[in-house]
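Tertiary structure, described
Chain by chain, the residues:
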Amino acid sequence: MSQPILERSRTDDTQHSGGCPFHADLTETPELAELSQDDWLFLPMHKRTIAQYVTNETGATELRLYYEDKEISFDEPELFAFGENLAKQASFPAISATGWGQGYDWPVVKDLLEELILQGILQTTNPAPAPKMAQTGANHLLPTAPGQSPRTWFECEAIMAELTGRPVELGYLELMIPVFRVAHIAMDNEGRQVGESNVFPKPLRVEVPTEWTTCPYPGSRYQNERPMNLTALKSMGQHWLPAMAALLQIREAYLRRFPEARAGWTVGHLERLSALVLAVPAYQLMKTAPRVANGELHPVLSSMYRVTDGVRMTTHQMLFLPVVETTLAPDAPMTAQGIYDYAERNYVFQSAHGVCAGPRKMIEEFLGVLVDGTTLAGMDDVPQAPEVAAALDALPAALDYGLYGLQAHAIAFSVWSLMSRHYEELWTILDTWPNVDSERFNAFKALVQTQIKQLQSKSLIASEAWRADREKVYADMYQKTCEGLGLTTNADSLAERIAPPAVSAYHRIAEAQLRGILSTQFGRPAYEAAAFERLIRCLMKYFRREQGILAAAEQTQQAINRLLGRPQPEREFSAADLNIYNLLLGEVQRIPHIGEVFEQLFHVEIRVTKSNIDIREHG
């Protein structure tokens, strides 16, 4: 029999940091005394072990154990019983493993156990007990909330000015805040923000009394240092049946728009369905009239939002995060069990400051309703509060809002793959440029080189393959939102919608402005190089591509504004405004917008809108 395979190490921080998984270094191992049958072995925190059967790339069944940051694969069926039993042990005498399943010879067991010891999974001494964690109380991992009072997006212009220095009008909200996060900052009528501790943007989170407790559930959350929100769990329990009844009604409305999903769910459908569930309370909060005021959102709607956001995050990770597992295509089949298993082994039940508070039974009930259309006992007899009934009566408009919001998201976020390619093209030009004695040129070259290194090492769009996968997801998102909105007649693809405009007179004026400014900034030796014109063409091509995105984004945003009864903005949306989401991320490392680079190094403002490119020096 072969050894269990430690396929790769996993880290529960990958979904937060964007880092890549690393291979376990087994080249240097400590001296290991020969294992005897009487030795006791220990699996610390064994309740964190997750056992899942998977079908591998060859179509064969494997048993995989996920334990802390390790992934252990058993690919021989005769070892499955060994792996299953191992996952259940806190401690055991080595000889007892010979009796697991149908039984194993001692030499086989000895080899397996010694390998697991070498891999740091089993220990030969009883580990010190984990520090006792407080059962209830405050969350020491959650910083003091910066917000003093709850805000609303009807203060958009003031909020954006405070947080980013750019006072952007409310009429562009969904191009800056993804529709599935719009409701985060709102208060429900229990005095709790919809986004709880995960409110985005972080500076808008406000302090509310919350009881936290250590998670007792087996699996990736078990006794994690990140506590769970007991207050939210208690509220969820009080509103569970009406929230699930509302969810079932939204599911049925979705299937009327996307009847093909009745034959089987895909990852793309489930991400879209969950986002539209989140759009239902968001629509109530954002429509001009009659609007649900901040602090008056019914807790059935906020509870439904919180539990469904878990599926939205899980399916989003499946589609977009090639960190621990390869991404899935939007048309990849998906089931309720598949969602739960993925979330468990990829630490989706954990966030930066806490873990999911729902017990497995509650999560499985929820997935049964959302994915399988299950009707829970007593659900049909639950009356809905008038506020919830009103929100459900408005489902057609709410789903339109969600679909237009997802379309806006697909268009606006297309800029990041585009920009990463242009950074690489810039670096190819600069890296082959002859050495010149120009302080500004060399500073520009050094900055672009730094960004390329960050792009390649700390970005989810580091490779062309990752960028292409992301663009396929956005293309599917765009196409499906068009279908759901009934806009399929002569509809363009996403690539066609965001195509750059033809070169016109103002482009030639902007190109001349750019050439004049950079030739002065770089100095004669630099601008006389043949690469100088390649640099100018690369930058102008990028700015025109931004214009295509801005034109499509504004058109979709105008449809959202009409739906909500919201006034249209007075000024054009700019490329710099597309960067606001990145600015709102705060301390997260990011690739700077190309316009930021010119502002920082050259004191040059490049204002790109759908109808113009204006380039000018400050002062």
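Preceding block: the structure.
Below you will find a few notes about this structure.

The term disulfide refers to a covalent linkage connecting the sulfur atoms of a pair of cysteines. Using the criterion set out here, one finds zero disulfides in the structure. Free cysteine: Cys 215, not disulfide-bonded; nearest cysteine sulfur from Cys 356 at 8.1 Å.

Let us now look at the pairing of strand 11 (residues 612–617). Across six bridges, strand 10 (residues 604–609) lies against strand 11 in antiparallel orientation. By the bridge assignment, Val 608 is partnered in strand 11 with Ile 613.

Moving on to the pattern of salt bridges. Per the stated rule, a full pass over the model turns up 35 salt bridges. Arg 64 is the salt-bridge partner of Glu 71, the closest N and O atoms lying 3.8 Å from each other. Exposure remark for Arg 64: the relative accessible area of 12% places this residue in the buried category. One salt bridge in this structure joins Arg 616 and Asp 614, with 2.5 Å as the shortest N-O distance. With relative accessibility at 47%, the residue Arg 616 sits in the partly exposed group.

Our focus in this paragraph is the nonpolar core. Grouped together as the largest cluster of nonpolar side chains are 170 residues, with contacts concentrated most on Trp 153, Met 244, Tyr 401, Trp 433, Phe 444, Leu 518 and Phe 543. No other element matches the 16 residues that helix 20 (residues 531–564) contributes to this core. When neighbours within four sequence positions are excluded, Trp 433 is seen to be in contact with Phe 441, Lys 445, Ala 526, Ala 529, Ala 531, Phe 532 and Leu 535. Leu 79, Leu 86, Phe 92 and Ala 97 belong to the second-largest nonpolar core, a separate cluster that totals 26 residues.

This paragraph deals with helix 20. When the terminal C-alpha atoms of helix 20 are compared, their 49 Å separation across 34 residues agrees well with the 50 Å that a helix rising 1.5 Å per residue should span. Here helix 20 lies mainly inside the structure; 24 of its 34 residues are buried.

Right, let's get into the side chain of Ser 420. Structurally, Ser 420 can be placed in helix 14 (residues 414–431). At 2.8 Å, the side chain of Ser 420 and the backbone oxygen of Ser 417 are in polar contact. Once residues lying within four places of it in the same chain are set aside, the contact partners of Ser 420 are Leu 455, Ile 461 and Arg 467.

Look at helix 3 (residues 106–118): 18 Å from first C-alpha to last across 13 residues, which is about the 18 Å you get at 1.5 Å a residue. Buried residues of helix 3: Trp 106, Val 109, Lys 110, Leu 112, Leu 113, Glu 114, Leu 116 and Ile 117, and no others. Among the structural elements, strand 2 (40–42), strand 5 (70–74), helix 2 (80–86) and strand 6 (91–93) are those in contact with the buried residues of helix 3. Looking one or two places after helix 3, you find Gly 120, whose phi comes out positive at around 80 degrees.

Turning to its location among the elements, Ala 60 is positioned in the loop between strand 3 (50–55) and strand 4 (61–67). A sequence separation of 442 residues divides Ala 60 from Ala 502, and the C-alpha atoms of the two residues are 52 Å apart. Once you skip the residues sitting within four places of it in the chain, Ala 60 turns out to touch Val 54 and Thr 55.

Rules used throughout
The written sequence of each chain sets the order in which its residues are numbered from 1. Local features are withheld for residues below a pLDDT of 70 in this predicted model, meaning they are given only at 70 or higher, and side-chain atom pairs are given and counted only at 80 or more; totals for whole chains, interfaces and linings count all residues. Note: side-chain values were computed over all heavy atoms of the structure, leaving out hydrogens and water. What counts as a disulfide here is a pair of cysteine sulfur atoms lying within 2.5 Å. Following DSSP output, two strands are said to pair if at least two bridges run between them. Helix numbering and strand numbering both begin at the N terminus, where a helix is a DSSP run of H or I of at least 4 residues and a strand a DSSP run of E of at least 2. In what follows, salt bridge is the name for a side-chain nitrogen of Lys or Arg lying within 4 Å of a carboxyl oxygen of Asp or Glu. Relative accessibility under 20% of the residue-type maximum defines a buried residue, over 50% an exposed one, and the middle range a partly exposed one, all with a 1.4 Å probe and only protein chains included. Among buried residues, the Ala, Val, Leu, Ile, Met, Phe, Trp, Tyr and Cys ones that are joined through side-chain atoms within 4.5 Å form a nonpolar core. The contact rule is simple, with two residues in contact once any of their heavy atoms fall within 4.5 Å. Residue count minus one, scaled by 1.5 Å, sets the expected span of a helix. Distance and chemistry together define a polar contact, namely a pair of N or O atoms within 3.5 Å, with one atom able to donate a hydrogen and the other to accept it when in protein, and with adjacent residues in sequence counting only for side-chain atoms on both sides.

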